Amino acid sequence: PESLRTAAVEGRVVMRFVVDTAGRVERGSVAVVSASHPLFAGAVAPLVPGLRFRPAEAGGRRVRQLVEMPFEFVLA
């Protein structure tokens, strides 16, 4: 978020969601686990459903998988 960038604030968000057997995020599964600032969570949460992944496999079959993924906001 621009206001945090201007204030030179860095941070981290951890999101939890389910990836289905097609590698897509199940929309209703997206949740914020932790965030160093609410604006960081607000920036990440809407983007997660658009992410694509390689589906997990178990026993040679694609399966749904619960994922926790960190997002870092670092100023260069």
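Quick note: structure is the one above.
Since the model is a prediction, treat every value here as computed from it, not as a measurement. (Residues numbered from 1 in each chain as written. Predicted model: local features only at pLDDT ≥ 70, side-chain atom pairs only at ≥ 80, totals over all residues. Heavy atoms only, no water.)

Novice: Can you explain the overall build of the chain? Please cite residues and give values.
Specialist: In terms of helices and strands, the chain carries two helices and five strands. Walking the chain from its N terminus toward its C terminus, one meets helices and strands in the order α-β-β-α-β-β-β. When the backbone C-alpha atoms are referred to their principal axes, the chain occupies close to 50 × 25 × 20 Å. The buried share of the chain, reckoned over its 76 residues, is 26%. Expressed as a percentage of contacts within the chain between residues at least 6 apart in sequence, the contacts between residues at least 24 apart total 67%. By element, 53% of the accessible surface of the chain is carried by carbon and sulfur atoms, the whole surface being about 5,100 Å². Side-chain charges in the chain split into 10 positive and 7 negative, and the spacing between the mean points of these groups amounts to 8 Å. (Helix = DSSP H or I, 4+ residues; strand = E, 2+ residues; numbered from the N terminus. Buried < 20%, exposed > 50% of the residue type's maximum accessible area, 1.4 Å probe, protein only. Contact = heavy atoms within 4.5 Å. Areas by Shrake-Rupley, 256 points an atom, 1.4 Å probe, with all protein chains shown as cover. Lys, Arg positive; Asp, Glu negative; His and termini not counted. Charge placed at Lys NZ, Arg CZ, Asp CG, Glu CD.)

Novice: Which residues make up the sheet that holds strand β5 (residues 65-73), and what are the values?
Specialist: Read from one edge of the open sheet, three strands run β2-β1-β5, paired in antiparallel fashion. Looking at the sheet topology across the chains shown, the edges are occupied by β2 (31-35) and β5. Strand-to-strand, the axes of this sheet are offset by a mean angle of 20°, without reference to chain direction. The pairing of strand β1 (residues 11-19) with β2 spans four bridges and is classified as antiparallel. Bridged to Val 14 within β2 is Ser 34. (Pairing = 2+ DSSP bridges. Axes fitted to C-alpha atoms, helices over the stretch in contact; angles between N-to-C directions.)

Novice: Could you give an account of the pattern of salt bridges, with specific residues and numbers?
Specialist: In this structure the tally under the stated criterion is four salt bridges. A salt bridge links Arg 16 to Glu 68; its shortest N-O distance comes to 2.5 Å. Taken together, the residues span a long stretch of sequence, with Arg 16 in strand β1 and Glu 68 in strand β5 at a distance of 52 residues. Classification of Glu 68 as partly exposed rests on a relative accessible area of 45%. (Salt bridge = Lys/Arg side-chain N within 4 Å of Asp/Glu carboxyl O.)

Novice: Explain unusual backbone geometry to me, using residue names and the numbers behind them.
Specialist: The phi dihedral of Ala 8 is positive, around 60°, even though this residue is not glycine. Looking at the element boundaries, Ala 8 is found in the loop between α1 (2-6) and β1.

Novice: Any details on the packing of aromatic side chains? Residues and values, ideally.
Specialist: A full pass over the atoms with the stated rule returns two aromatic pairs. Measuring from ring centre to ring centre gives 5.6 Å for Phe 17 and Phe 53, while their planes differ by 35°; the resulting arrangement is tilted. Residue Phe 17 is located in strand β1, and its partner Phe 53 is located in the loop between α2 (38-44) and β3 (56-58); the two are separated by 36 residues in the primary sequence. Given the relative accessible area of 0%, Phe 17 is considered buried. Judged by its relative accessible area of 26%, Phe 53 falls in the partly exposed class. (Phe/Tyr/Trp six-rings, centres within 6.5 Å; stacked < 30°, edge-to-face > 60°.)

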